[in-house]
Structure formats: C-alpha cells, structure tokens
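Here is how the chains run, residue by residue.
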2 protein chains.
Amino acid sequence: MTTLKELAALLNISVSTVSKALNDSHEISENTRTRVKELATKLNYKPNRIAQQLKTNKSKTIGVILPTVTNPFFAEVLHGIEKTATNNDYDIIVCLSNETFLKEKRSLELLSNGSVDGFIMAVARESQVKNETEHILDVIKSRLPVLMFDRVVNEIECNKVIVDDFQSVLEATEYLIEKENRKHILLVSNIEELSVGKLRIEGYSKALENHNLKPHILKLDHAVDVDVEKKIYDYLKANTTIDAILSIDHVTGIVAINMAKKLGLKIPEEMSVMGFGFDHTPLLSSPKISIIHQKAHEIGEISTKLLIDSLKDDSLQLQTIVVPSDLKLNESTD
Amino acid sequence: MTTLKELAALLNISVSTVSKALNDSHEISENTRTRVKELATKLNYKPNRIAQQLKTNKSKTIGVILPTVTNPFFAEVLHGIEKTATNNDYDIIVCLSNETFLKEKRSLELLSNGSVDGFIMAVARESQVKNETEHILDVIKSRLPVLMFDRVVNEIECNKVIVDDFQSVLEATEYLIEKENRKHILLVSNIEELSVGKLRIEGYSKALENHNLKPHILKLDHAVDVDVEKKIYDYLKANTTIDAILSIDHVTGIVAINMAKKLGLKIPEEMSVMGFGFDHTPLLSSPKISIIHQKAHEIGEISTKLLIDSLKDDSLQLQTIVVPSDLKLNESTD
DNA sequence: TTGTATGCGTTATCAC
DNA sequence: GTGATAACGCATACAA
C-alpha cells in the first residue's frame, strides 16, 4: 500500500506537504497540489484507514449485534442498516449472538475496544428470557452508545426503535372480528417468551376482550420443528369452531393455510388466515396469506440514522421511535 | 478508555513494562506482573484494537461482500462465515452489493485501505451479467486475497468454494426420471443469467439428453413478482403432460406446488415437485417439497477457513472446493 | 528485571 | 508555501 511517506520521497517534498495537498489545504500552491494528486492517483494511494482511526479516535464503524440473520426479519433490518451506514460513510461489523447470552456478551466486549463507535442490537432470546442486562449496561457505561431495536430491554435507557407489536395485532384482530365477522380466532405462537411475542399476544387478548370473545391460543416450540404441521392440523380438526387463524411469526401462518386446506376448509370464506411477513411472504401460500408487514428495512434505516445522529452530537435527547406496521390483506381467492 | 499510559502512570512504572506484563513476558517479575494485571482488570483495560492493527499492519478483519442477505442462501452462508471468523478471532465487515456492479466495486475499494486483511465474496448479478471483473482483479493486485463462493468468475485465479450445481441438478433430474418414472419435467428458472443458474440448467439438460427426453423450460423474471403464480398456473394448465417440476431457486418450487394443487393435481402421485431450499423450506409447503439442499452454512465455514489459512501462509496453493448438495426427498403425502 | 527509544500512517500545530 | 515535530496507543529492539 502506498503511503504519504512514499509519495513525499518520490516528489522530494515533506510528508506534511503531501498530506495538506491531498486534503486541499489553501496553504499549498496550485502547482504542488496537482503534482501530488497526480502521483497519488497514479499510484492508487488511499489513506490508511487504521491510521486515520487512531489519529481521530473514531472508527467510523458501527457494531451490529443480531440474534440471527437467517430470520428474514433480521436479514431485512440488516439490509437497511448496511445501506444507511454506507450512505453515511460508516462500516458495519456484524456479530451474531445465535440467540445466546454468552455470544452476545462476548461480541459486545470484543468490540468495545475502539473497534466501533457504537452499537445497534436486538437482544438475544436467552438474554431476554434470563433477563440479563449487565453486559449491555457495561457497554453504555464505557460511553459507547447503544441503540436497541425490536427486542428491547425496558429498564435500560438508550435510543430504541420498536415495532408497534401491541397495536398492530390489536388492529389486525379487530379487523378479523369487525370486518370479517370472525368469532373464534386462534392465535398461533412460538415466540411468547420474547418481549415482542408478549406484546403481540396482549394486543390479541385486548381485542378479544373488547368484543367479549374467548381467546384460543396454540403455543408451539420455538424451534420450528416438523411437529408444527401436525399440531396445527390436530388443533383445527379438534376445534371446528375456529374461523380465523392469527400467526404471530412469519412461518406458522403459511403452515396454517396449508393445514386448513388439507382439512378441506375454504379460504377465506370459512377460514381467515393472517400472519407476520415480508414482501414476498404472500407468494408462498395460495390463496395468499394476509400479513402484518413489519417495515424491517425502514427499522434498520431509522435505527442507523438515529445512532449516527447521537454519535455526532451526544447531547441529544434519547428517544424511542415506534415504526408502524402495514396490514396487507389477502387479495386473491382460490 | 483506559490506556497503557494511564496504567503506567498510576503504577509509577514505564509503559513498556506494563505492556510486557500484560503480555506475560518472562522478562517481568511475578510481583509487578500481578500488580499490573490487577489494576488492568480493575480499570477494565482493553488493548486498543486500532493501535494494535496499526502496529502489526493486520486488521484481523475479513471483508464480506454479498449480493444480498435477504436471500436465505446468503443469509445462511453469512452465518457460517461469522461463526468461523469469530472462532478464529477475526471480525467481519459486511457490505451488500445489492446485486449491483457499482456498489460492489465501491465496497471493495473502500475496504482496500487497511480495513480488512482479505475478502470473501459472491459476485453481484450485474457484475456477472456484464462480465465486469477489473475491480476484483485490482484488489488481488493490491495483494489482498479474495475468496469467491457460489457465484464465481472463472477467469480470475483465486480460492473458490462452489456448489455442485451441475451435478446436483443432474442427479435430481435423473432421480425424477429413473425412480419416479417421470417423462415431462418442467424446469422453472428465474436465474438463468447467473453462472449457477446456467450450470443448473446444463445439469437438467444433460440428464434429459441421457434419457432422450425433451426439455421444458419456463423462464420467469428474476424480480420475483406477483405474476409468478399466474405464469406457472397457465403453463401447467396448457401443458397437461407435465408430470414433474424442477425449480432451480428456493421460492418458485413452493409456488409450483400450490399451483399444481390448485389445478387439482395429486402430489406426488401425478406431479413431483423439487426445488432448491434450506432446512425449513419443506415446512412451507404441504405436501412437503423435495429439495436440493445446499449446505450454505458449510459453504460459509469452509470459505472462511480457507481464506484465513491463506492469510496465515500466502504461499499456499490456490484451490477450488466443491461442496456437494444433499437431496432431501419429500417424506409426507397429503 | 525495568526503562528508553522508535515506528506503524496520519493529521495538526507551529516555525520558517 | 513549505517543512519539522509531535501525537494517537501499542509493541519491540535495545540499553541499562
């Protein structure tokens, strides 16, 4: 890699002159400035990022700690983060906690040594279940800003970007009740131990309560296993009054449609099915599933913007931004 | 952040003594070593990574350039990369090309300034279609090793990790012909302009040729649009001899199953459906789709291992590793 | 066993 | 308009 020193030697001028010339300092003459720049381009000179970082004590890098990236929600958030970071001249270092507390803790610690200027994270399932928060507080204490999205620790004061889990499920449920005239709505859940899962179930319960309806909840193992099909099938077979299914994740809704069809139920006439999902989710079922569409990409963008703003000016007030979801209704019939 | 200098000042010893003590140098007395270490833990000292990088001229960071991360294949590869990198004390900086040449080029350039010790990449669709390779060659010329996986540029000499696209589709097709006695196999493709897509189609064609069968190919827009359903439906309706569908991506196979069912075809009796997929893909259809299962996680692991090995010893021979796929057959019947 | 000096590549301050 | 020098935090060759 070409360095300032090499350029200086080749041009028989000092390193500082070269540096100033490249940074368009007004102190430098037109002549030398162009000479320097020409040689720099010729030798493909690029300022060493590491040296700049050491000098300025800024890494211009954001640490991104995700529970997983095979979950399409987090994948899409990552997409939004990467785009916004790049547009603002930041790199991202990505660590995956694999939903474990230990890996999350290790990742935070390892990057808290100057590698990053701040963190964007969604808390690991295990940390959330065991209510582990010390490791995150340690980071904040060391004056590295942390932004949490989606899965959030209420007790920790920091910038947050969350989904309107309660409200969106409340509205979706009320839609099923009021517009589609459903009375026995089955909620299918495999994430009830997560903060977001709890909120979604609360939204569902609240809507039923508002209409004096009885809840039906089918809890599944969170490790999406082969039994999912059977459990849903058996439940529907044994409970024939069910006239709507509301899945609070992005997979079991699809399974539910398939099982309802297998039981000979007409969709959407006899059974409404709604789930969480992304742009291409409805394509995976026929008839297309109705989805609560979380603006995952936007969540990533907003989170990154907010963190970068707080990096630039650390006197900014902490805030919690709620990103509303879209209800995308089934358009097709079978 | 605590620095060596601060520790030294507090202990009234020199910086180098502190440094050596922390690095367990045998030159340092037991006594001072423990004193230093105690204070270090107490003040939560962590060596500044940036400074270490500048000193050693190694970033211990890998640049990962992916076309997208919302495609589950790349998401799972990323998972494998992250895991292996972490296990070997490497960080990863992730950039997404969004399938565009320009972003890919920019990302490579931006990180080729000391930020990373090497790259793992899958070539962007646009770069592949337009046969753009200069930007990658530039990186290699600047002595930064590049490892390509999945989407590969044949003309570039570097380490490569690829899937057995040709062979796996050949075998899958022959399975349909020989074991399931199919004679009119429809190939559904939305990636025929990618190197991997071409290879898969070749595998299919070769198998048909071996058995003197006629190919049926349905090409779809690569932007998975709403028309996918209609196009497949219409094709199946108009071509009633089709008795098997082979999708070479991870979405259209699911759609194909749904459309076949919609047409009243019994699966798998009257119609076999096979696609590419991942562990949870079969769950998305009923009956479960048969899949060619690419070991994406393994591809990530192997790629990372290979790159890190070449980082440690740059005299190693370049190699191309082929990761075989698994054929996972439909187990259920409807 | 400990300390001093040097340099990684850059930028900034100051002197010429 | 240009250049010498110091500093960021760390590691190491060398001196004491």
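Residues numbered from 1 in each chain as written. Chains lettered and ligands numbered in written order. Predicted model: local features only at pLDDT ≥ 70, side-chain atom pairs only at ≥ 80, totals over all residues. Heavy atoms only, no water.

K.L.:
So what exactly am I meant to see when it comes to the protein's contact with DNA strand D here?
P.N.:
Surveying the vicinity of DNA strand D reveals 26 residues, the closest of which are T17, K20 and K55 of chain A together with L4 and Y45 of chain B. Each atom of DNA strand D within 4 Å of the protein was assigned to sugar, phosphate or base; sugar and phosphate come to 58%. Between DNA strand D and the protein, one listed contact pairs a base nitrogen with a side-chain N or O atom of K20 of chain B at 3.5 Å. The contact in question runs from a base nitrogen of DNA strand D to an N or O atom on the side chain of K55 of chain B, over 3.3 Å. Those elements that provide at least two residues to the surface near DNA strand D are helix 2 (15–22) and helix 4 (49–56) of chain A together with helix 1 (4–11), helix 2 (15–22) and helix 4 (49–56) of chain B. (Near = heavy atom within 4 Å. Polar contact = N/O pair within 3.5 Å; in protein donor to acceptor, adjacent residues only side chain to side chain. Helix = DSSP H or I, 4+ residues; strand = E, 2+ residues; numbered from the N terminus.)

K.L.:
Could you clarify how one ought to interpret the interface of chain B and chain A in this entry?
P.N.:
Think of interface size as the accessible area that goes away when the parts come together; that is how it is often given. On the side of chain A, 50 residues touch chain B, which itself brings 50 residues to the contact. Buried area between chain B and chain A, summed over both chains or domains, comes out near 4,600 Å², and the portion from carbon and sulfur atoms is 60%. Where chain B packs against chain A, one counts four salt bridges. A salt bridge links E229 of chain A to K288 of chain B, with the nearest nitrogen and oxygen atoms 3.0 Å apart. Where chain B packs against chain A, one counts 16 residue pairs in polar contact (both at pLDDT 80 or more). Counting residues per element, the ones that place at least two in the side of chain B that touches chain A are helix 4, helix 5 (72–87), strand 2 (91–96), helix 6 (101–111), helix 11 (227–238) and helix 12 (252–262) of chain B. Here the residues of the side of chain B that touches chain A are counted per class, giving 22 nonpolar, 14 polar and 14 charged. (Contact = heavy atoms within 4.5 Å. Buried area = accessible area lost by both parts, 1.4 Å probe. Salt bridge = Lys/Arg side-chain N within 4 Å of Asp/Glu carboxyl O. Nonpolar A, V, L, I, M, F, W, Y, C, P; charged D, E, K, R; others polar.)

K.L.:
So what exactly am I meant to see when it comes to the protein's contact with DNA strand C here?
P.N.:
The environment of DNA strand C is formed by 25 residues, the closest being Y45 of chain A together with S16, T17, K20 and K55 of chain B. Per the 4 Å cut-off to the protein, sugar and phosphate atoms form 61% of the nearby atoms of DNA strand C. Contacts to DNA strand C include S16 of chain B, whose side-chain N or O atom sits 2.8 Å from a base oxygen. Taking K55 of chain B, its side chain carries an N or O atom lying 2.6 Å from a base nitrogen of DNA strand C. Of all the secondary-structure elements, those providing two or more residues to the surface near DNA strand C are helix 1 (4–11), helix 2 and helix 4 of chain A together with helix 2 and helix 4 of chain B. Of the residues in the surface near DNA strand C, the class split is seven nonpolar, 11 polar and seven charged.

K.L.:
Help me understand the relation of the copies chain B and chain A, please; the structure alone is not making it clear to me.
P.N.:
In summary, the two copies of the chain are related to each other by a rotation about an axis coupled with a shift along it. The two copies are related by a screw operation: chain B maps onto chain A through 180 degrees of rotation and 0.0 Å of translation along the axis, at an RMSD of 0.1 Å. The symmetry that links the two subunits is that of a two-fold axis. Of every C-alpha in chain B, the one belonging to I93 of chain B sits nearest the axis of rotation, 2.2 Å from it. The fraction of interface residues of chain B whose copies in chain A are also interface residues reaches 100%, indicating that both copies meet through the same surface. (Least-squares fit on C-alpha atoms with pLDDT ≥ 70 in both.)

K.L.:
What's the story with the domain arrangement of chain A in this structure? I'm lost.
P.N.:
Residue and element names in this part refer to chain A. The domains assigned to chain A are domain 1 (4–47), domain 2 (59–162 + 296–325) and domain 3 (165–293). Spacing between the C-alpha centres of domain 2 and domain 3 amounts to 30 Å. In this assembly, 11 residues from domain 2 lie in contact with 13 residues from domain 3. Summed over both partners, the interface of domain 2 with domain 3 buries about 1,000 Å², with 58% contributed by carbon and sulfur atoms. If you sort the residues of domain 2 by the area they bury against domain 3, P72, R125 and S325 come out on top, with a joint share of 47%. Among the salt bridges present, the one from E193 reaches R125, with a minimum N-O distance of 2.5 Å. Along the contact surface separating domain 2 from domain 3 lie two residue pairs in polar contact (both at pLDDT 80 or more). (Domains from an automatic or database assignment.)

K.L.:
Help me understand helix 6 (residues 101–111) of chain A, please; the structure alone is not making it clear to me.
P.N.:
Residues spaced three or four apart along an α-helix face the same direction, because each turn holds 3.6 residues. The set of residues buried in helix 6 of chain A consists of F101, K103, E104, S107, L108 and L111 of chain A. If you check the start of helix 6 of chain A, you find a side-chain oxygen 3.3 Å away from the backbone N of K103 of chain A, and it comes from T100 of chain A. (Buried < 20%, exposed > 50% of the residue type's maximum accessible area, 1.4 Å probe, protein only.)

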